[in-house]
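# Summary of the model geometry
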Amino acid sequence: MSEKYDVIVIGGGPAGYHAAIRAAQLGLKTAVVDAWAGKDGKAALGGTCLNVGCIPSKALLDSSKQFYNIAHNLPVHGITVENAKVDLGVFIGRKDKIVKQFTGGVDQLFKANKITSFFGKGKLLGSKSGGNNQVEITGNDGNKQILAATNVILASGSVPIELPFAKFDGKNIIDNAGALDIDKVPKTLGVIGAGVIGLELGSVWNRLGAKVTILEALPDFLGTADADIAKVAQREFKKQGLDIKLGAKLGKADVKKDGVHLTYSDKDGEQSLVVDKLLVAVGRRAYTDGLLADDTGVKLDERGRIVVDEHCHTGVDGVWAVGDAVRGPMLAHKGFEEGMAVAEWIAGKAGHVNYDTIPWVIYTEPEIAWAGKTEKQLKEEGVPYKIGSFPFAAIGRAVAMNEAIGQVKMIAHAETDRILGVHMVGPGVSELIAECVVAMEFKGSAEDMARIIHAHPTLSEAVHEAALSVDKRAIHKGN
Ligand code: FAD
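Anyway, here's the lowdown on the structure attached to this text. By convention here, each chain's residues receive numbers from 1 onward along its written sequence. With the structure being a predicted model, the display of local features is reserved for residues of pLDDT at least 70 and the display and counting of side-chain atom pairs for 80 or more, all residues being used for whole-chain, interface and lining totals. Processing note: side-chain calculations cover all non-hydrogen atoms of the structure and skip hydrogens and water entirely.

### Some details on the overall build of the protein
- Helix and strand content of the protein: 13 helices and 21 strands.
- Against the globule reference of 23 Å for 479 residues, the protein gives a C-alpha radius of gyration of 24 Å, in line with a compact fold.
- Taken along the three principal axes of its C-alpha coordinates, the protein extends 75 × 60 × 45 Å.
- Residue exposure (1.4 Å probe, protein chains only): buried if accessible area is under 20% of the type maximum, exposed if over 50%, otherwise partly exposed. Residue burial in the protein is summarised as follows: out of 479 residues, 52% are buried.
- Note on definitions: a residue-residue contact is assigned when non-hydrogen atoms from the two residues lie within 4.5 Å. Sequence separation of 24 or more characterises 62% of the internal contacts of the protein that already satisfy a separation of 6 or more.
- Each accessible area is a Shrake-Rupley result for a 1.4 Å probe, and residues are judged covered by the shown protein chains and nothing else. Of the roughly 22100 Å² that the protein leaves accessible, carbon and sulfur atoms contribute 53%.
- Working convention for charge: Lys and Arg count positive, Asp and Glu count negative, and His plus the chain ends are omitted. For the purpose of locating charges, the reference atoms are NZ of Lys, CZ of Arg, CG of Asp and CD of Glu. With 55 positive and 58 negative side-chain charges, the protein shows a separation of 3 Å between the mean positions of the two kinds. Helical segments are the DSSP runs of H or I of at least four residues, strand segments are the runs of E of at least two, and each set is numbered from the N terminus. For the radius of gyration, the atom set is restricted to C-alpha positions; the globular benchmark scales as 2.2 Å times the number of residues to the power 0.38.

Written out as structure tokens, the structure is:
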């Protein structure tokens, strides 16, 4: 008889580890199977997010921002630094240390919550044992064992999409993990895809001196963001030297001695470009390789994602799925919430995920953040709306910081005044979006936000003024 758990989670990324910790908190006997090996070959919990995603990319964004500011921001403050240099070993080493601290932290949390951790590949079997689900674990040493559980949570995450004509080789043509570990600043870096990952990692290497060219197949820049916000961001990225070519479809990428030779087509016809390195960041796909035996009954959709209902249930008794492996935005915090909600549903409690208020953030300079509907979406849906906006140029704190770029745009229902969406580009907006999410979660109106006292002088005054501006009564700008 195999060892029996209440919950086995396959995948120890953000979605999986949140599910496991919440399940353990609720008194459920919980195990996690995760296959991720760190640079030292040892188990490294935390999935894409902690190992090669959210955290390491933010570490490099922050380091590169410090370097960029020396030449581009400090002189305005009367500070000059000569001969500033980047030690790439220290730069990458700092990021690696942060990754280790956080992956080790998840391991500690598992121990503190008495969660059993297995390092290896997990596979949901179709056959049941005494009515329980079964998971086969293949350890990294090749040894197999079978565990039983009342509930199995599939949290296998996602992997980068590979283009058949630009295959990753880890050296010249790289994915997000490769772009976090370049050992010499390339003179030229090509990036395929002007999405979040392309823009963030393109910014890192641009700030260190690489000439970065981003090819984006779509005609619009950041089509998922609000158009006004995208326009400001595009203008600022151009000023920073990022060369973003829209409507540019990659045809071929040949690795030769002198670099990666790209052929792409745009509105003017066939073009070519040679770059030292090529980062392919065209999106990610749900990862389910080897996860499911043929007879489990768990279904995948046309994009390879695990099919679930609104409660993240797969339709197979006791089998749930969360995070990047299922529908919805591929964001760590969306996975956190799904993981915790599933644990609560399993424990018979009222889990909850509000997909309408998930915040989006792009950690470039300026930062971009939004929650709720864009103006374009509301137009398409025929919802009557009114808009308030406020520029950071009129915010004392932003000017004092020399970061007076961008704006906050608030959209409210024309009749009820309920906040339907907030869109921002500017300094610190990754933090400012949180209060807007709170307001939306509580079904707040623009007037509610306008009546809330915001400290002066802070960046948050831009949110306050945007709310006032919905009613055409912003104080520090014409209405
Ligand atoms: P993952 O994090 O992919 O974890 C899945 C885990 O399951 C992995 O450890 C994998 O090894 C393991 N696994 C898979 N199959 C099996 C199996 N059969 N057996 C055992 N283990 C298995 N999101 C944000 O919200 N904010 C950001 O700033 C952000 N920045 C990002 C930057 C980059 C460069 C990238 C690539 C992503 C970023 N993301 C960001 C996205 C975020 O990383 C993902 O949305 C998040 O990691 C998804 O969590 P997950 O738990 O669903 O899957």
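### Topic: the layout of surface pockets
- Its boundaries defined by the atoms lining it, the second largest pocket holds a volume of some 850 Å³.
- In this analysis a 1.4 Å probe is tested at points of a 1 Å grid over the protein atoms alone, and where it fits but cannot get out there is a cavity; an open set with protein on both sides within 12 Å along at least five of seven lines is a pocket; lining residues have an atom within 4 Å of a point. Lining of the second largest pocket is provided by 34 residues; of these, Trp-370, Gly-372, Lys-373, Thr-374 and Gln-377 occupy positions nearest its centre.
- Among the elements of the structure, helix 7 (227-239), strand 18 (367-372), helix 9 (375-381), strand 21 (419-426) and helix 11 (429-441) are those that each provide at least two residues to the lining of the second largest pocket.
- It is helix 7 that provides the largest number of residues to the lining of the second largest pocket, a total of five residues.
- Considering only residue class, the lining of the second largest pocket consists of 13 nonpolar, eight polar and 13 charged.
- For every domain, the bounds stem from an assignment made automatically or drawn from a database. Shared between two domains, the lining of the second largest pocket takes at least three residues from each, and those domains are domain 2 (173-282) and domain 3 (357-470). Grid points are joined across faces, edges and corners, and a volume is the space filled by probe spheres set on the points. Asp, Glu, Lys and Arg are counted as charged, while Ala, Val, Leu, Ile, Met, Phe, Trp, Tyr, Cys and Pro are counted as nonpolar; the rest, among them Gly, fall into the polar class.

### Quick notes on the site of the ligand
- We call a residue near a molecule or strand when any one of its heavy atoms sits within 4 Å of it. With respect to spatial proximity, 37 residues lie near the ligand, and among them Asp-34, Thr-48, Lys-58, Gly-122 and Ala-332 are the closest.
- Pairs of N or O atoms within 3.5 Å make up the polar contacts considered here, provided that, within protein, one atom can donate a hydrogen while the other can accept it, and that residues adjacent in sequence are counted only when both atoms are side-chain atoms. At 3.4 Å from an oxygen atom of the ligand is found a main-chain nitrogen or oxygen belonging to Ser-158.
- The separation between an oxygen atom of the ligand and a polar side-chain atom of His-333 is 3.2 Å.
- Burial of the ligand by the protein amounts to 95% of the accessible area it has alone, namely 1000 Å².
- Within the residue set of the shell around the ligand, elements represented by two or more residues are helix 1 (14-25), strand 2 (30-34), helix 2 (47-52), helix 3 (54-72), strand 3 (116-124) and helix 8 (332-346).

### Looking at the pairing of strand 1 (residues 4-10)
- Burial analysis of strand 1 places five of its seven residues in the buried class, which makes it a mostly covered element.
- Bridge count for strand 1 against strand 5 (residues 144-154) is six bridges, and the pairing is parallel. For Val-7, the partnering residue across the bridge sits in strand 5 and is Asn-151.
- In this sheet, strand 2 lies alongside strand 1 in parallel orientation, the contact comprising four bridges. Bridged to Val-7 within strand 2 is Thr-30.
- With the strands pointing away from the viewer, any crossover whose connection runs clockwise from the first strand over the helix to the second is right-handed. For the crossover from strand 1 across helix 1 to strand 2, the handedness is right-handed. One requirement defines pairing of two strands: DSSP has to find at least two bridges between them.

### Description of the sheet that holds strand 8 (residues 188-192)
- Spatially, the five strands line up as an open sheet ordered 7-14-8-9-10, and their pairing is parallel. Of all strands in the sheet, those with a lone pairing partner are strand 7 (173-174) and strand 10 (243-246), marking the two edges.

### Description of the sheet that holds strand 11 (residues 249-256)
- A sheet is described by the order of its strands in space; here three strands give the open sequence 11-12-13, paired in antiparallel fashion. Looking at the sheet topology across the chains shown, the edges are occupied by strand 11 and strand 13 (269-275). Sheet twist, expressed as the mean angle between neighbouring strand axes with direction ignored, is 20 degrees.
- Across seven bridges, strand 11 lies against strand 12 (residues 259-266) in antiparallel orientation. Pairing of Val-255 across the sheet is with Val-260, part of strand 12. The axes are straight lines fitted to the C-alpha atoms, using for helices just the contacting stretch, and the angles between their N-to-C directions are given from 0 to 180°.

### Quick word on the packing of helix 1 against helix 4 (residues 88-112)
- Contact geometry for helix 1 and helix 4: axes closest at 10 Å, N-to-C directions at 20 degrees. Overall, the two elements helix 1 and helix 4 adopt an arrangement that is roughly parallel. You can see that helix 1 and helix 4 cross each other, and the crossing is left-handed. Mapping the contact onto sequence places Tyr-17, Ala-20 and Ile-21 in helix 1 and Val-106, Leu-109 and Phe-110 in helix 4.
- Residue composition of the contact of helix 1 with helix 4, by class: six nonpolar, no polar and no charged. Orientation is classified from the angle alone, with under 35 degrees giving roughly parallel, over 145 giving roughly antiparallel, 65 to 115 giving roughly perpendicular, and any other angle giving oblique. Should the near helix be turned anticlockwise from the far one by less than a right angle, the crossing is left-handed, and should it be turned clockwise, the crossing is right-handed.

### Side note on helix 4
- Expected helix span is computed as 1.5 Å times (number of residues minus one). In this model helix 4 runs 36 Å from its N-terminal to its C-terminal C-alpha over 25 residues, within 8% of the 36 Å that 1.5 Å per residue would give.
- Residues of helix 4 that are buried: Leu-88, Phe-91, Ile-92, Lys-95, Ile-98, Val-99, Thr-103, Val-106 and Phe-110.
- Residues of helix 4 that are buried sit in contact with helix 1, strand 2, helix 2, helix 3, strand 3 and helix 6 (196-207).
- Capping the start of helix 4 is the job of one residue whose side-chain oxygen sits 3.0 Å from the backbone nitrogen of Gly-89: Asp-87.

### Quick look at the pairing of strand 14 (residues 277-280)
- Taking every second residue as pointing to the same face, both faces of strand 14 are buried, with Lys-277 and Leu-279 on one and Leu-278 and Val-280 on the other.
- When strand 7 meets strand 14, the two strands line up parallel, connected through two bridges. The residue of strand 14 that forms the bridge with Ile-173 is Leu-278.
- With four bridges joining them, strand 8 and strand 14 adopt parallel strand pairing. When the bridges of strand 14 are listed, Ile-192 appears paired with Val-280.

### Points about the environment of Ile-214
- Within the secondary structure, Ile-214 sits in strand 9 (residues 211-216).
- The exposure class assigned to Ile-214 is buried, which follows from its relative accessible area of 0%.
- Spatially, the C-alpha atoms of Ile-214 and Leu-199 are 8.2 Å apart, while their sequence positions differ by 15 residues.
- Ignoring any residue separated from it by four or fewer positions in sequence, one finds Ile-214 in contact with Val-191, Gly-193, Ala-194, Gly-198, Leu-199, Leu-242, Asp-243, Ile-244 and Lys-245.

### Here's the deal with the packing of helix 3 against helix 4
- Following both chains from N to C, one finds helix 3 and helix 4 inclined at 145 degrees, their axes separated by 9 Å at the closest point. By crossing handedness, the relation of helix 3 to helix 4 is classed as right-handed. Taking contact as the criterion, the partners of Ile-55, Pro-56, Ala-59, Leu-60, Asp-62, Ser-63 and Ser-64 in helix 3 are, on helix 4, Phe-91, Ile-92, Arg-94, Lys-95, Ile-98 and Val-99.
- When its residues are assigned to classes, the contact of helix 3 with helix 4 shows eight nonpolar, two polar and three charged.

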